[in-house]
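Summary of the model geometry
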Amino acid sequence: MVNLYPTRVRKKKTEVYALGRHISLSADKARRVIDQIRGRSYEETLMILELMPYRACYPIFKLVYSAAANASYNMASNEANLIISKAEVNKGNTTKKLKPRARGRSYPIKRTTCHITIVVKDISLDEYEEVPMLSSLKKSKWKKKYTTMVYDDVYSSGVVWDKK
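Residues numbered from 1 in each chain as written. Predicted model: local features only at pLDDT ≥ 70, side-chain atom pairs only at ≥ 80, totals over all residues. Heavy atoms only, no water.

**Describing helix α2 (residues 42-51)**
The following threshold applies: Relative accessibility thresholds used throughout: buried, under 20% of the residue-type maximum; exposed, over 50%; partly exposed, between the two (1.4 Å probe, protein chains only). Secondary structure follows DSSP: runs of H or I at least 4 residues long count as helices, runs of E at least 2 residues long count as strands, and numbering of each begins at the N terminus. The reported arc concerns the directions from the helix axis to the C-beta atoms and nothing else. We call two residues in contact whenever any of their non-hydrogen atoms come within 4.5 Å of each other. Any pair of N or O atoms that falls within 3.5 Å is considered a polar contact. Within protein, one atom must be able to donate a hydrogen and the other to accept it, and sequence-neighbouring residues count only if both atoms are side-chain atoms.
Along α2, the positions that sit buried rather than exposed are Y42, T45, L46 and L49. End-on view of α2: buried residues confined to an arc of 100 degrees, all on one side of the axis. Exposed and oriented more than 90 degrees from the buried face of α2 are M47 and L51. Elements in contact with the buried residues of α2: α1 (27-37), α3 (57-74) and β3 (82-100). The N-cap of α2, judged by a side-chain oxygen 3.4 Å from the amide nitrogen of E44 a few residues on, is S41.

Structure, rendered in structure tokens:
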């Protein structure tokens, strides 16, 4: 069968993400764990996170699990085909408190937070798909309206511009 309509190649959505905001961790401590899992498969990532002895592993484990659940729900992808394509940690808000100390002084306590983004990619899906170009066949919805601008004659009003 001959395709009568022109087609174009469009990039298919193969990535899904999970975002954790305001996690009470230092961004540097979370980056130490994130650098270990970036680019690995989903199943290997879960094993690594379960066995690492850091406190940052549990919230990152929950985010990776959530990103895989998003991928299976939104794209109907299998967990065996998922890889961690992008993982990043950004600084969040810093909560500041004052702790009372001796002789009426106070000592600042800074509680740092971070934002973690985990992007999961399905390697079994095709990257591109062919889509018919229907936009060239549609007629334009907008009609051309010609409007004319009428300006008042400022110089002949006789108020300000007559004085020399």
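**Thoughts on the pattern of salt bridges**
Where side chains of opposite charge bring their charged atoms close, a pairing between them can arise. Applicable threshold: The working definition used for a salt bridge is a side-chain nitrogen of Lys or Arg within 4 Å of a carboxyl oxygen of Asp or Glu.
Evaluated as defined, the whole model comprises three salt bridges. In this structure, the salt-bridge partner of R38 is D35, at a minimum N-O distance of 3.0 Å. Classification of R38 by relative accessible area gives partly exposed; the value is 41%. Note that R40 is salt-bridged to E44, the shortest N-O span being 2.8 Å.

**Overview of the pairing of strand β4 (residues 106-122)**
Short version of the rule: Strands pair, by our definition, only if DSSP identifies at least two bridges between them.
Alignment of strand β2 (residues 15-23) against β4, held across seven bridges, turns out to be antiparallel. Bridge pairing in β4 links E15 to K121. Where β3 meets β4, 16 bridges bridge the pair, whose relative direction is antiparallel. The residue of β4 that forms the bridge with L98 is P108. Where β3 folds back onto β4 in an antiparallel hairpin, the turn is made up of five residues, including R103, whose phi is positive at roughly 60 degrees.

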